[in-house]
Amino acid sequence: MTKQSDQAIFLELKQGSGTAFKNVYQSNRDAFINYSKKFGLDKQEVLDVYQDAYIAFYENIKTGKLSELKCSITTYITSIGKYMIMDRLRKQKKMVNSEFALEKVGENAFEITDFDITPNQPSERQLQMQRQFEKLGEKCRQILIWFYYNKMSIKEIMAQGDYNSENVVKSQKSRCLKGLKTALLVK
């Protein structure tokens, strides 16, 4: 979960606040430069990567790819930049110590859904899954969204959905997921 101030800033960014974008850019720049020192890039390369990462962050907000902030803004931008640095090092044929890279991945274990600035079209499988998901009943869609997308616990879903017990929620979620999987196998 992110800090409340990050959530407030994120809302300002979604509304197009130029001041917020400038402040976020400036407040994360030095932290990114310090983080990037360990990769052995010169300062100009690091600044280029930071600019690219920030543009990707900005584009993800503007295009709606980043509609919910699940980590801090600093972590999001740094993660984009880290992948860009690794890609740059691979292209330059510089060796990246895999143990070092895996160790660093463990430090910031969180999920980033999209970080590239080129829009990707959903695959046929993803479209099929979306169609089958829409065919589920409202309760099934809601419970799956709460559990998998909103990361709500069974207890939270029980309270939110006005269910009688945790077992009811678990079995309902299981039936819904099984129905979705079965529909995907049949089609």
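Residues numbered from 1 in each chain as written. Predicted model: local features only at pLDDT ≥ 70, side-chain atom pairs only at ≥ 80, totals over all residues. Heavy atoms only, no water.

Engineer: Mind showing me how you'd approach the overall build of the protein chain here?
Structural biologist: Helix and strand content of the protein chain: 9 helices and 0 strands. Burial statistics for the protein chain: of 187 residues in total, 33% are counted as buried. Intrachain contacts of the protein chain at a sequence separation of at least 6 include 69% that bridge at least 24 residues. A total accessible area of about 12,100 Å² is found for the protein chain, and carbon and sulfur atoms account for 53% of it. (Helix = DSSP H or I, 4+ residues; strand = E, 2+ residues; numbered from the N terminus. Buried < 20%, exposed > 50% of the residue type's maximum accessible area, 1.4 Å probe, protein only. Contact = heavy atoms within 4.5 Å. Areas by Shrake-Rupley, 256 points an atom, 1.4 Å probe, with all protein chains shown as cover.)

Engineer: What should I look at first to understand the nonpolar core in this one?
Structural biologist: Side chains that are nonpolar tend, in soluble globular proteins, to be buried together. Ranked by size, the top nonpolar core spans 29 residues in total, and within it Leu13, Phe57 and Ile77 carry the most contacts. At the level of secondary structure, the elements contributing two or more residues to this core comprise helix H1 (4–14), helix H2 (18–36), helix H3 (43–63) and helix H4 (73–91). For leucine 13, the contacting residues outside a window of four places in its chain are Ala20, Phe21, Val24, Phe57, Ile61, Lys62 and Ile73. With 14 residues, the next largest nonpolar core counts Leu136, Trp146, Ile154 and Val169 among its residues. (Core = buried A, V, L, I, M, F, W, Y, C linked by side-chain atoms within 4.5 Å.)

Engineer: Sorry, what's going on with the pattern of salt bridges here?
Structural biologist: A pair can form between side chains of opposite charge whenever their charged atoms are brought close. For the coordinates displayed, the defined rule picks out 2 salt bridges. In this structure, the salt-bridge partner of glutamate 124 is arginine 131, at a minimum N-O distance of 3.0 Å. Residue classification places glutamate 124 among the exposed positions, given a relative accessible area of 52%. Accessibility expressed as a relative area gives 43% for arginine 131, which makes it partly exposed. Here arginine 141 makes a salt bridge to glutamate 138, at a shortest N to O gap of 2.6 Å. (Salt bridge = Lys/Arg side-chain N within 4 Å of Asp/Glu carboxyl O.)

Engineer: I'm lost on unusual backbone geometry in this one. Help?
Structural biologist: Most peptide bonds adopt trans geometry, and most residues besides glycine take a negative phi value. A positive phi is found at lysine 151, a non-glycine position, where the angle reads about 55°. Mapped onto the elements, lysine 151 comes out in the loop between helix H7 (138–149) and helix H8 (154–160). Residue classification places lysine 151 among the exposed positions, given a relative accessible area of 55%. Phi is positive for aspartate 162, close to 60°, though the residue is something other than glycine. Structurally, aspartate 162 can be placed in the loop between H8 and helix H9 (166–186). For aspartate 162, a relative accessible area of 68% puts it in the exposed group.

Engineer: Where do I start with the state of the cysteines in this structure?
Structural biologist: Between two cysteines, a covalent bond joining their sulfur atoms is known as a disulfide. According to the stated counting rule, one finds 1 disulfide in the structure shown. Across a sulfur-sulfur distance of 2.1 Å, cysteine 140 and cysteine 176 are joined as a disulfide pair. Residues cysteine 140 and cysteine 176 are joined through a disulfide that is left-handed, its torsion about the S-S bond being -75°. With cysteine 140 in helix H7 and cysteine 176 in helix H9, the pair connects residues that are 36 residues apart, well separated along the chain. (Disulfide = S-S within 2.5 Å.)

Engineer: Teacher, can you tell me more about the packing of H2 against H3 here?
Structural biologist: A pair of packed helices can be characterised by two numbers: the angle between their axes and the separation between those axes. Between H2 and H3, the least distance of the axes is 10 Å, while the angle of their chain directions is 140°. Between H2 and H3, the interaxial angle falls into the category oblique. Taken as a pair, H2 and H3 cross one another with a handedness that is right-handed. Of the residues in H3, those touching H2 at Phe21, Lys22, Val24, Tyr25, Asn28, Arg29, Phe32, Ile33 and Ser36 are Lys43, Val46, Leu47, Val49, Tyr50, Gln51, Tyr54, Phe57, Tyr58 and Ile61. Here the residues of the contact of H2 with H3 sort into 13 nonpolar, 3 polar and 3 charged. (Axes fitted to C-alpha atoms, helices over the stretch in contact; angles between N-to-C directions. Parallel < 35°, antiparallel > 145°, perpendicular 65-115°, else oblique. Left-handed = near helix turned anticlockwise from the far one by under 90°. Nonpolar A, V, L, I, M, F, W, Y, C, P; charged D, E, K, R; others polar.)

Engineer: Whenever I open this one, the confidence of the model for the protein chain confuses me. Can you help?
Structural biologist: In low-pLDDT regions, the fine details of the predicted coordinates are not to be read closely. When the pLDDT values of the protein chain are averaged, the result is 80; 82% of them are 70 or greater. Per-element mean pLDDT across the protein chain ranges from 47 in helix H5 (residues 98–107) up to 89 in H3. (pLDDT = per-residue confidence, 0-100.)

Engineer: It is not clear to me how H2 should be interpreted in this structure. Could you clarify?
Structural biologist: Helical periodicity: at 3.6 residues per turn, an α-helix aligns residues three or four positions apart in one direction. Between the first and last C-alpha of H2 there are 26 Å, a value that for 19 residues agrees with the 27 Å anticipated at 1.5 Å per step. Where H2 bends most, the angle comes to about 35°, and this point is arginine 29. (Expected span 1.5 Å × (residues − 1). Bend = angle between axes of the 7 residues up to and from the residue.)

Engineer: Is there a simple way to explain the packing of aromatic side chains in this structure?
Structural biologist: For any pair of aromatic rings, the description rests on two quantities: the centre-to-centre distance and the angle between the ring planes. Summed over the entire model, instances satisfying the criterion amount to 9 aromatic pairs. An angle of 85° between the planes, with centres 4.8 Å apart, marks the rings of phenylalanine 147 and tyrosine 148 as edge-to-face. Judged by relative accessible area, phenylalanine 147 falls into the partly exposed class, the value being 24%. On the basis of relative accessibility, which here comes to 37%, the residue tyrosine 148 falls in the partly exposed class. When the ring centre of tyrosine 83 is taken as origin, the NZ or CZ atom of lysine 82, which lies over that ring, is 5.0 Å away. Positioned above the aromatic ring of phenylalanine 147 is the side chain of lysine 173, whose terminal nitrogen or guanidinium carbon lies 4.4 Å from the ring centre. (Phe/Tyr/Trp six-rings, centres within 6.5 Å; stacked < 30°, edge-to-face > 60°. Lys NZ or Arg CZ within 6 Å of the ring centre and 35° of its normal.)

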